[in-house]
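Below are the chains, spelled out letter by letter.
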Amino acid sequence: QVQLVESGGGLVKAGESLRLSCAASGRTFSSYYMGWFRQAPGKERELVAGINWSGGRTYYTDSVKGRFTISRDNAKNTVYLQMNSLKPEDTAVYYCAAAGGRTIIVALTTDKYDYWGRGTQVTVSS
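Basis of the calculations
Chains are numbered independently. Their residues run from 1 in the order of the written sequence. The model is predicted, so local features are restricted to residues of pLDDT at least 70 and side-chain atom pairs to those at 80 or more, both for listing and for counting; the totals for chains, interfaces and linings are taken over all residues. In computing side-chain properties, one takes all heavy atoms of the structure into account and sets aside hydrogens as well as water. Going along the chain from the N terminus, every DSSP run of H or I of four or more residues is numbered as a helix, and every run of E of two or more is numbered as a strand. Note on classification: 1.4 Å probe, protein chains only; a residue is buried when its accessible area is under 20% of the maximum for its type, exposed when over 50%, partly exposed between these limits. By definition, residues are in contact when any of their heavy atoms lie within 4.5 Å. Only one rule defines a salt bridge in this text: a Lys or Arg side-chain nitrogen within 4 Å of an Asp or Glu carboxyl oxygen. Two strands form a pair only when DSSP identifies at least two bridges running between them. Whether two aromatic rings pair depends on their centres lying within 6.5 Å, for rings of Phe, Tyr and Trp, where Trp uses its six-membered ring; planes under 30 degrees apart make the pair stacked, over 60 edge-to-face, and the rest tilted.

### Topic: the environment of Gly 117
Consideration 1: For Gly 117, the location among the structural elements is in the loop between strand 10 (115-116) and strand 11 (120-125).
Consideration 2: The class of Gly 117 is buried, set by a relative accessible area of 10%.
Consideration 3: Sequence spacing of Gly 117 and Leu 20 is 97 residues, and the spatial spacing of their C-alpha atoms is 12 Å.
Consideration 4: In this structure, Gly 117 is in contact with Leu 4, Glu 6, Tyr 95 and Cys 96, ignoring residues within four places of it in sequence.

### A short note on the pattern of salt bridges
Consideration 1: This model, assessed by the stated rule, comprises five salt bridges.
Consideration 2: The salt bridge partner of Asp 90 is Arg 38, with a shortest N-O separation of 2.9 Å. Taken together, the positions of Asp 90 in the loop between strand 8 (78-83) and strand 9 (92-100) and Arg 38 in strand 4 (residues 32-39) put the pair 52 residues apart, joining distant regions of the chain. As far as burial versus exposure is concerned, Asp 90 and Arg 38 are alike and both buried.
Consideration 3: One salt bridge connects Asp 62 with Lys 65, and the closest N-O pair in it is separated by 3.0 Å.
Consideration 4: Take Asp 62: its relative accessible area is 60%, and that puts it in the exposed class.

### Some points on the pairing of strand 3 (residues 18-24)
Consideration 1: Among the seven residues in strand 3, five count as buried, and that is most of the element.
Consideration 2: Alignment of strand 1 (residues 4-7) against strand 3, held across four bridges, turns out to be antiparallel. Residue pairing for strand 3: Ser 7 is matched across the bridge by Ser 21.
Consideration 3: Here strand 3 runs beside strand 8; their pairing, made up of six bridges, is antiparallel. When the bridges of strand 8 are listed, Leu 20 appears paired with Leu 81.

### Thoughts on the packing of aromatic side chains
The relation between two aromatic rings is expressed through the spacing of the ring centres and the mutual angle of the planes.
Consideration 1: Applying the stated rule across the entire model yields five aromatic pairs.
Consideration 2: A ring pair is formed by Tyr 32 and Tyr 115, whose centres lie 6.0 Å apart and whose planes are at 75°; its orientation type is edge-to-face. A residue pair is termed long-range when its members are at least 10 positions apart, and Tyr 32 in strand 4 and Tyr 115 in strand 10 qualify at 83 residues.
Consideration 3: Judged by relative accessible area, Tyr 115 falls into the buried class, the value being 19%.

Quick look at the structure:
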């Protein structure tokens with residue numbers, strides 16, 4: 001069992017930055033592929049960024065490439081999402097999620113994930 005708790009969301013202006021953190025419980029954090037998803041009102045939940053167990057492979061959806069960076073610290077059981085040059089269209093609830101297995105290179109869809117956090121709100125004003 002893994003529990004995930006997100007933090008770091010808030011209200012910022014366009015062009016500013018935020019750093020989201022997701023703290024995981026349990027001793028097997030390093031075995032999980034971690035993803036950051038977001039869901040805006042009336043839209044489906046989408047994968048924003050993902051990172052494999054070692055941090056050696058990352059994935060970004062096109063709309064955030066060059067602006068967001070995902071990283072993880074397995075010693076601290078934490079995954080991060082650095083978000084720079086934020087845009088109003090980045091406004092959403094951001095969730096972190098864990099998908100089991102060190103063989104996972106990328107997990108794009110919500111059904112691949114075993115555990116979810118409750119989310120943190122990110123609001124970007126224009």
